Amino acid sequence: MGNEGDAAGVGATAGIDTGKASIARVYDMFLGGKDNFAADREVYETIQAVAPQGDEVAKSIRRWLTRVVRHLAGFEVGIDQFLDIGSGLPTVDNTHEVAQRNHAEATVVYVDNDATVAAYGRALLEENDHTHFATSDLRDPAALMATPQVARLDFDRPIALIQCATLHHIDDEADPVGFMEHYVDALPSGSYLAISHWWDPGDELPEGHLMARELEQRWRESSMGTGRYRTRAEIAALFAGLELVEPGLVELNDWWPEGPRMRETSLVERLILGGLAYKP
Ligand SMILES: C[S@@+](CC[C@H](N)C(=O)[O-])C[C@H]1O[C@@H](n2cnc3c(N)ncnc32)[C@H](O)[C@@H]1O
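Below, the structure is looked at part by part. (Residues numbered from 1 in each chain as written. Predicted model: local features only at pLDDT ≥ 70, side-chain atom pairs only at ≥ 80, totals over all residues. Heavy atoms only, no water.)

**Let's talk about the overall build of the protein**
The helix and strand inventory of the protein stands at 11 helices and eight strands. A compact globule built from 280 residues should have a C-alpha radius of gyration of about 19 Å, and the protein, at 18 Å, falls within 12% of that. When its C-alpha atoms are laid out on the principal axes, the protein stretches across 50 × 45 × 40 Å. Expressed as a percentage of its 280 residues, the buried residues of the protein come to 53%. Across the protein, every contact between residues at least 6 apart in sequence was considered, and the portion connecting residues at least 24 apart equals 72%. When the accessible area of the protein is evaluated, it comes to approximately 12,000 Å², of which 50% is carbon and sulfur surface. Considering the protein, the positive charge centre built from 24 side chains and the negative charge centre built from 46 side chains are found 3 Å apart. (Helix = DSSP H or I, 4+ residues; strand = E, 2+ residues; numbered from the N terminus. Rg over C-alpha atoms; globule rule 2.2 N^0.38 Å. Buried < 20%, exposed > 50% of the residue type's maximum accessible area, 1.4 Å probe, protein only. Contact = heavy atoms within 4.5 Å. Areas by Shrake-Rupley, 256 points an atom, 1.4 Å probe, with all protein chains shown as cover. Lys, Arg positive; Asp, Glu negative; His and termini not counted. Charge placed at Lys NZ, Arg CZ, Asp CG, Glu CD.)

**A few points about the site of the ligand**
Close contacts around the ligand come from 20 residues, with R62, G86, D112, D137 and C164 the closest. Between an oxygen atom of the ligand and a side-chain N or O atom of Y27, the distance comes to 3.0 Å. Measuring from a nitrogen atom of the ligand, one finds a backbone N or O atom of C164 at 2.8 Å. Broken down by secondary-structure element, the contributors of at least two residues to the shell around the ligand are α2 (23–30) and α4 (54–73). Here the element with the most residues in the shell around the ligand is α2; it accounts for three residues. (Near = heavy atom within 4 Å. Polar contact = N/O pair within 3.5 Å; in protein donor to acceptor, adjacent residues only side chain to side chain.)

**A closer look at the pattern of salt bridges**
Opposite charge on two side chains permits pairing when their charged atoms draw close. As enumerated under the stated definition, the model contains 20 salt bridges in all. Between D200 and R213 there is a salt bridge whose closest N-O contact spans 2.9 Å. Placement of the pair is D200 in the loop between β5 (192–198) and α10 (206–221) and R213 in helix α10, with a sequence separation of 13 residues. Taking the relative accessible area as the measure of exposure, D200 reaches 7% and is therefore buried. A salt bridge links E214 to R218, with the shortest nitrogen-to-oxygen separation between them at 2.7 Å. Here R218 and E214 lie together in helix α10, a separation of four residues that amounts to about one turn. Here R218 falls in the partly exposed class, since its relative accessible area comes to 25%. (Salt bridge = Lys/Arg side-chain N within 4 Å of Asp/Glu carboxyl O.)

**A short note on the nonpolar core**
Counting 52 residues, the largest nonpolar core has I61, L72, F82, L215 and W219 as the members making the most contacts within it. Here this core takes nine residues from α4, the largest share from any one element. Those residues within four positions of L215 in sequence are excluded, and the remaining contacts are I47, V50, A51, Y229, V268 and L271. (Core = buried A, V, L, I, M, F, W, Y, C linked by side-chain atoms within 4.5 Å.)

**Points about the packing of aromatic side chains**
Aromatic rings in a pair are described by how distant their centres are and how their planes are angled relative to each other. Tallied over the full model, the rule gives six aromatic pairs. Centre to centre, the rings of F30 and Y44 are 4.6 Å apart; their planes meet at 45 degrees, and the pair counts as tilted. Residue F30 is found in helix α2, and its partner Y44 is found in helix α3 (residues 38–50); the two are separated by 14 residues along the sequence. Across the pair, exposure class does not vary: F30 and Y44 are buried alike. (Phe/Tyr/Trp six-rings, centres within 6.5 Å; stacked < 30°, edge-to-face > 60°.)

**Side note on the packing of α2 against α3**
Relative to each other, α2 and α3 sit at 55 degrees, their axes nearing to 9 Å. As the angle between them shows, α2 and α3 are arranged oblique. Crossing of α2 over α3 shows right-handed handedness. Of α3, the residues touching α2 (which contributes R25, V26, M29 and F30) are D40, R41, V43, Y44, I47 and Q48. Its residues assigned to classes, the contact of α2 with α3 comprises six nonpolar, one polar and three charged. (Axes fitted to C-alpha atoms, helices over the stretch in contact; angles between N-to-C directions. Parallel < 35°, antiparallel > 145°, perpendicular 65-115°, else oblique. Left-handed = near helix turned anticlockwise from the far one by under 90°. Nonpolar A, V, L, I, M, F, W, Y, C, P; charged D, E, K, R; others polar.)

**Some points on the packing of α3 against α10**
Closest axis-to-axis distance for the α3/α10 pair is 10 Å, and the angle between their directions is 165 degrees. When the axis of α3 is compared with that of α10, the two are roughly antiparallel. When you trace α3 past α10, the crossing you get is right-handed. In this structure, α3 contributes V43, T46, I47, A49 and V50 to the contact, and α10 contributes M211, E214, L215, R218 and W219. Its residues assigned to classes, the contact of α3 with α10 shows seven nonpolar, one polar and two charged.

**Some points on helix α6 (residues 115–125)**
Among all positions in α6, only T116, V117, G121 and L125 are buried. Taken around the axis of α6, the buried residues stretch over an arc of 85 degrees, which confines them to a single face. Here the buried face of α6 lies against α2, α5 (95–102), β2 (107–112) and β3 (131–135). Capping of α6 at its N-terminal end is provided by D114; its side-chain oxygen lies 2.8 Å from the backbone amide nitrogen of T116. (Arc of directions from axis to C-beta.)

Below is the structure:
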C-alpha cells in the first residue's frame, strides 16, 4: 500500500474499501506509517489543518499504552492475559511485545474489525504461540467473546482488557456504556480495564473545548463518519463501576510519566484522557 496506484489493486484483493478512510490506517499515518490510501490522507490532512500536532497525540497514546501494559505485566501486578480490543495496525511496541518483555509467557489476544488490520496486521501481531488475532466488532461483546481466539483466555483468572483510543470512534447510539458493562461483567475479580478516550474539557479548558468541537465535526464529516469527544463524566461512566487506580482519569502525559517533562504538551495532546481501573 502507500501508493494509490498500487494500493487500489492490493486493497481490492484484500476486500478493503479503498474509497473510505479507515481509522486504523489514519492512526497509522499519525504514527508515521506508510500503509494508506487517498481517502485516509484526506482525513489526515483535514485534522492536521486544525491540530498540526496530531502526530504527538498518537505517540502519547502509544507511550501511555506501553506504560499501562508494562505496569500490568510487571512484577507488581503480574497479569499474564491481555485482551487488546481495537488493536490497530502493528507498530512499535505492540501490546504483546511490551507484555512479553515483562512476562515471557503472557497471552495477548488482539481484536479489530478493520479489513486492513485483518489482511496485513494479523501475521505480524500473531508473532508467537502466545499471541492471537480475531476479527470482530467491539460493539457486540457476546459475539466478540465467543470467537475462538478470545475464548482461549482463562476467564477464571485476571485479564487486562484494553480499549486504547477505540471508544471515541463509537457513536452514542451503539451504547458504549451499556456494552462496556457487558465486558466488565465477564471479567473475573482481579482484572483490569484500561481506557484512553478523546476528551472535551468544557469549561475546564475553554480553548480545548473549542478545538474538541472543531475536531469532532471534522472527523464526523469525513468519510469515516465517526468521532466523539466526550466529557470527563461520560468517559468515567465507561469504567462501569470499577475502581480507578491512581492517579485516576487524567491527561495521558500525567498518567505515571516516565520522567520529568521536557517539553510543553500541545493543546490537542491534552484532549485525551486515560485511566486504569481494577475489578475487586
Ligand atoms: C485509533 S486506532 C487505535 C489502535 C490501538 N488501540 C492503539 O491505541 O494504538 C482505533 C482502532 O479501533 C478499531 N475499531 C474501531 N471501531 C471498531 C469496532 N467497532 N470493532 C473493532 N475494532 C474497532 C479500528 O479499526 C482501529 O484499529
